[in-house]
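Observations on the model geometry
The primary structure of each chain is shown beneath.
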Amino acid sequence: MGKIIAVANQKGGVGKTTTVVSLAAYIGKKRKKVLVIDLDPQGNATSGLGVDKGDIENSTYDVLVNDVPMSDAIVESAAKNVDICPTNINLAGAEVELVSAISREQVLKNSLSEVADEYDFVLIDCPPSLGLLTINALTASSGLIIPIQGEYYALEGLTQLIDTVNIVKKKLNKEIDILGVVLTMFDRRTQLTRQVKEEVEKYFGNKVFKTQIPRNVRLAEAPSHGLAICDYDHNSKGGKAYEALAAEVVKRAK
């Protein structure tokens, strides 16, 4: 079975989706087969990988709520060796509908088990909350990547995330562990960013990836073209940073 990694932080705007899309594309370029599961109702990973949300026949919602096999929802993305289980706004209602489901925290894990062997890596883009969708992602995963913005409120709410991970580890999934923490939107010129880095390293120790992701216009532009940064502007600072991060992730995943 491939390495299943959730990318989560209940704080919005920290670069979760950019991290998922960029890592998937760079890992795919290493001749690894990658599956992205878009578990965020905004569907930004779906469009960021070149899939038109209006053309989706089956989505993550159908997999979780309507018992559609995940293999029937997976489509090819614009990135080499990367498939995606796409989503659209329908997923916003999934949390409510899953509440009454049997083994509601295990629905994604059970669906994913049918296809996981076909991939070297599965990356799950979680919504900016600690609700049932994120719990499903953590229950299905063996690793967790936490993107943290290099800004003032970066560590706010992280205790809640770690508590949630520990509860999942105790009651639902003994395998889950933090694979790494990545600092995003990083500007090493500012004292505040350097202070945040020190605090994050003090809290997470060697779990912090060596690679930091800088603020980069090209990273922000890439999704509007339906391309990952490696296909949009590989030589940009953002592209080079995510290439280095992908190498770290593959190494740690072993």
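Residues numbered from 1 in each chain as written. Predicted model: local features only at pLDDT ≥ 70, side-chain atom pairs only at ≥ 80, totals over all residues. Heavy atoms only, no water.

Moving on, we come to the side chain of Glu248. The residue Glu248 is located in helix 11 (residues 237-253) in this model. There is no salt bridge for the buried Glu248, and the closest opposite charge comes from Arg252, which lies 4.1 Å off by N-O distance. A distance of 3.1 Å separates a polar side-chain atom of Glu248 from the backbone nitrogen of Lys210. Contacts of Glu248, omitting those with residues within four sequence positions, involve Phe209, Lys210 and Thr211. (Helix = DSSP H or I, 4+ residues; strand = E, 2+ residues; numbered from the N terminus. Buried < 20%, exposed > 50% of the residue type's maximum accessible area, 1.4 Å probe, protein only. Lys, Arg positive; Asp, Glu negative; His and termini not counted. Salt bridge = Lys/Arg side-chain N within 4 Å of Asp/Glu carboxyl O. Polar contact = N/O pair within 3.5 Å; in protein donor to acceptor, adjacent residues only side chain to side chain. Contact = heavy atoms within 4.5 Å.)

As summarised here, the arrangement of the 7 strands in space is 3-4-2-5-1-6-7, forming an open sheet in which the pairing is mixed. Of all the strands in the sheet, just strand 3 (75-76) and strand 7 (177-184) have a single pairing partner and so form its edges. Summarising the sheet, strand 3 and strand 4 (residues 82-85) pair through 2 bridges and their orientation is antiparallel. From the neighbouring strand, Glu76 faces strand 4, where its bridge partner is Asp83. Strands in contact with helix 1 (residues 16-29) are strand 1 (3-7), strand 2 (34-38), strand 4, strand 5 (121-125), strand 6 (143-149) and strand 7; relative to strand 5, the strand with the most contacts, it is inclined by about 165°. Sheet strands in contact with helix 7 (residues 158-171) are strand 6 and strand 7, and its direction is about 175° off that of strand 6. (Pairing = 2+ DSSP bridges. Axes fitted to C-alpha atoms, helices over the stretch in contact; angles between N-to-C directions.)

Position of Ala154 relative to the elements: it lies in the loop between strand 6 and helix 7. Classification of Ala154 by relative accessible area gives buried; the value is 4%. When the C-alpha atoms of Ala154 and Leu183 are compared, they prove to be 9.4 Å apart, with 29 residues separating the residues in sequence. Each residue touching Ala154, except ones within four places of it in the same chain, is listed here: Ile148, Gln149 and Val196.

Where helix 1 meets helix 11, the closest approach of the two axes is 9 Å, and the angle between their N-to-C directions is 75°. When the axes of helix 1 and helix 11 are compared, the pair comes out roughly perpendicular. Facing helix 1, whose interface residues are Thr18, Thr19, Ser22, Leu23, Tyr26 and Ile27, helix 11 presents Gly239, Lys240, Tyr242, Glu243, Leu245, Ala246, Val249 and Val250. Tallied by class, the residues present in the contact of helix 1 with helix 11 amount to 8 nonpolar, 4 polar and 2 charged. (Parallel < 35°, antiparallel > 145°, perpendicular 65-115°, else oblique. Nonpolar A, V, L, I, M, F, W, Y, C, P; charged D, E, K, R; others polar.)

Here we come to the nonpolar core. Within the largest apolar cluster, 49 residues are counted, with the highest numbers of intra-cluster contacts made by Ile37, Met70, Leu112, Ile146 and Phe204. Ignoring any residue separated from it by four or fewer positions in sequence, one finds Leu112 in contact with Ile4, Leu35, Ile37, Met70, Val122 and Ala140. In terms of nonpolar packing, the next biggest core, distinct from the first, is built from 37 residues, Ile5, Ala24, Val51 and Val82 among them. (Core = buried A, V, L, I, M, F, W, Y, C linked by side-chain atoms within 4.5 Å.)

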